[in-house]
Amino acid sequence: MTNAQIPSYSGVTINISNPTVNASAPSQTSCVPQIQVQTPQTQEQLQPQEALPQAYHPSYYLNNYNYQQNGGKLEAPIAQAVEPQVKEEDLSSSTDIINDLDTQNAKQKELEENGKQTRIVALTDEYIMSLENYLNNQNTDIRLMAAKEVLTRLDEDKSRFDDAALNALLNKMLQDPQKIIRTAALSALSSGLASGNDYTIQLLNNIQQNPNSDKQDVVEAANILLKMSADTEVKYTPQPVEEQKAE
């Protein structure tokens, strides 16, 4: 009798072989069948799986192309420290300001050491407001007093040539009903004590176009407008030897 095996069966398989007959034994001896128990084998064990072919390198499936194959083993690359990029700030503006401050400080020190010390009136807000109130006064003498103060403040410090507050007071003087106050303002502009501004030009044009304006004021206004329309420049000329020795 042959051994029969059913691969798809999941239970225990029992194989029964032919009993061995002993000739010397009595006839009454019964035949004992030999039973062999075999562990069932699944269909997967009987039919090994076929490995799926990989179309790419194993590193492709790891989503990291930097993996290196060493003896069949994949080794992760050593992480490299990335140095942070520090953005350099543009300090040219602050450097220019600092250099300008150093230059001004050096000039001030040189002026204090070698220059002549003079005392001038400070143009505080309170002082400017007082001058404006005086120019608004009904008394002509008080307005004339304020007009003289404006001319003195311009003359004692030539750097006040384009001072905004003093030029605004000159514009008020140009509109004064009294000729003497207007003459003071026109003289300051004509002599170059003050630069005037856009509103000054408008007031001078009004004097020229007004048929009731004083004829002398019209001529002076035209003279000032002509000077204001011309640009000035600094030019160095050779100085005689006698004047150099005198200095």
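From a predicted model like this one, the values you see are computed outputs, not experimental measurements.

The rules we used
Sequence order as written defines the numbering, with residues in each chain counted from 1. With pLDDT at 70 or above as the cut-off, local features in this predicted model cover only qualifying residues; side-chain atom pairs require 80 or more to be listed or tallied, and sums for whole chains, interfaces and linings still use all residues. Side-chain measures here rest on the full set of heavy atoms in the structure, leaving out hydrogens and waters. What counts as a helix is a DSSP run of H or I of at least four residues, what counts as a strand is a run of E of at least two, and both are numbered from the N terminus. Exposure is judged per residue with a 1.4 Å probe applied to protein chains only, and the accessible area is read against the type maximum: over 50% gives exposed, under 20% gives buried, and values in between give partly exposed. When checking whether two residues touch, look at their non-hydrogen atoms; a contact exists if any pair is within 4.5 Å. Salt bridges are identified by distance alone: a Lys or Arg side-chain nitrogen within 4 Å of an Asp or Glu carboxyl oxygen. Angular values range over 0 to 180 degrees, each being the angle between N-to-C directions of two axes fitted as lines to C-alpha atoms, with helices fitted over their stretch in contact. Working definition: roughly parallel below 35 degrees, roughly antiparallel above 145 degrees, roughly perpendicular at 65 to 115 degrees, and oblique for all remaining angles. Crossing handedness: left-handed means the near helix sits turned counterclockwise from the far one by under a right angle, and right-handed means the same turn made clockwise. The classification used treats Ala, Val, Leu, Ile, Met, Phe, Trp, Tyr, Cys and Pro as nonpolar, Asp, Glu, Lys and Arg as charged, and all other residues, Gly among them, as polar. As used in this record, nonpolar core signifies buried Ala, Val, Leu, Ile, Met, Phe, Trp, Tyr and Cys residues forming a set joined through side-chain atoms within 4.5 Å. Of the two site types, the cavity is a set of points on a 1 Å grid over the protein atoms alone where a 1.4 Å probe fits but cannot get out, and the pocket is an open set with protein on both sides within 12 Å along at least five of seven lines, each lined by residues with an atom within 4 Å of a point. Grid points are joined across faces, edges and corners, and a volume is the space filled by probe spheres set on the points. Polar contact criterion, stated in full: a pair of N or O atoms within 3.5 Å, where within protein one must be able to donate a hydrogen and the other to accept it, and residues adjacent in sequence count only if both atoms are side-chain atoms. Per residue, pLDDT measures the predictor's confidence, with a range of 0 to 100.

**Details of the overall build of the protein chain**
Alright, step 1. Check the secondary structure of the protein chain and you find ten helices and four strands.
Alright, step 2. Traced from its N-terminal end to its C-terminal end, the protein chain shows the element sequence β-β-α-α-β-β-α-α-α-α-α-α-α-α.
Alright, step 3. Counting the 247 residues in the protein chain, one finds 18% classified as buried.
Alright, step 4. Sequence separation of at least 24 residues holds for 50% of the intrachain contacts in the protein chain that already meet a minimum separation of 6.

**Concerning the pattern of salt bridges**
Alright, step 1. Applying the stated criterion across every chain yields a total of nine salt bridges.
Alright, step 2. Here Lys-179 makes a salt bridge to Asp-217, at a shortest N to O gap of 3.3 Å. Taken as a pair, Lys-179 in helix α7 (residues 179-190) and Asp-217 in helix α9 (residues 215-229) lie far apart in primary sequence, 38 residues in all.
Alright, step 3. Given the relative accessible area of 29%, Lys-179 is considered partly exposed.
Alright, step 4. Several salt bridges converge on common partners, so that one network encompasses Glu-149, Arg-153, Glu-156, Asp-157 and Arg-160.

**Notes on the packing of α7 against α9**
Alright, step 1. Between α7 and α9, the least distance of the axes is 10 Å, while the angle of their chain directions is 20°. In terms of orientation, α7 lies roughly parallel with respect to α9. The hand of the α7/α9 crossing is left-handed. Two secondary-structure elements touch here, α7 through Lys-179, Arg-182, Leu-186, Leu-189 and Ser-190 and α9 through Gln-216, Asp-217, Glu-220, Asn-223, Ile-224 and Lys-227.
Alright, step 2. For the contact of α7 with α9, the class distribution of residues is three nonpolar, three polar and five charged.

**Re the nonpolar core**
Side chains of nonpolar character tend, in soluble globular proteins, to be buried together.
Alright, step 1. Core analysis: the largest hydrophobic core is formed by 28 residues, its most contacted members being Val-150, Leu-154, Leu-169, Leu-170, Met-173, Leu-174 and Leu-204.
Alright, step 2. Of all the secondary-structure elements, those providing two or more residues to this core are α4 (125-135), α5 (140-156), α6 (164-174), α7, α8 (198-209) and α9.
Alright, step 3. Filtering out sequence-adjacent residues up to four positions away, Leu-169 remains in contact with Ile-128, Leu-131, Glu-132, Leu-135 and Val-150.

**Observations concerning the layout of surface pockets**
Alright, step 1. Roughly 240 Å³ of internal volume is contained in the largest pocket.
Alright, step 2. In this structure, the largest pocket is lined by 15 residues; those nearest its centre are Phe-161, Ala-194, Ser-195, Lys-227 and Met-228.
Alright, step 3. Put simply, the parts of the chain that give the lining of the largest pocket at least two residues each are α7, α8 and α9.
Alright, step 4. Counting residues per element, the lining of the largest pocket draws most heavily on α9, at three residues.

**Remarks on the side chain of Ser-213**
Alright, step 1. Here Ser-213 lies in the loop between α8 and α9.
Alright, step 2. Within the structure, the side chain of Ser-213 is placed 2.8 Å from the backbone oxygen of Ile-207, a separation counted as a polar contact.
Alright, step 3. Apart from residues lying up to four places away in sequence, Ser-213 is in contact with Asn-206, Ile-207 and Val-218.

**Points about the side chain of Asn-167**
Alright, step 1. Structurally, the position occupied by Asn-167 is in helix α6.
Alright, step 2. Residue Asn-167 is classed as buried on the basis of its relative accessible area of 3%.
Alright, step 3. In this structure Asn-167 touches Phe-161, Asp-162, Ala-194, Ser-195, Gly-196 and Asn-197, once residues within four positions along its chain are discounted.

**Points about the confidence of the model for the protein chain**
Alright, step 1. Residues of the protein chain with pLDDT of at least 70 account for 60%, and the chain-wide mean is 76.
Alright, step 2. Confidence, expressed as mean pLDDT per element, reaches its minimum in the protein chain at helix α1 (residues 43-46) with 48 and its maximum at α6 with 97.
Alright, step 3. For the stretch residues 19-31, pLDDT sits under 50, and the model shows two contacts to residues farther than four places along the chain or on other chains.
Alright, step 4. Under a pLDDT of 50 for its full length, residues 42-46 has, in the predicted model, three contacts with residues more than four places off or in other chains.

**Thoughts on the packing of α5 against α7**
Alright, step 1. Where α5 contacts α7, the axes come no closer than 9 Å and their chain directions differ by 10°. On the basis of the axis angle, α5 is roughly parallel to α7. Residues Thr-140, Arg-143, Leu-144, Ala-147, Leu-151 and Leu-154 of α5 pack against Ile-180, Ile-181, Ala-184 and Ala-188 of α7.
Alright, step 2. Residues belonging to the contact of α5 with α7 are distributed by class as follows: eight nonpolar, one polar and one charged.

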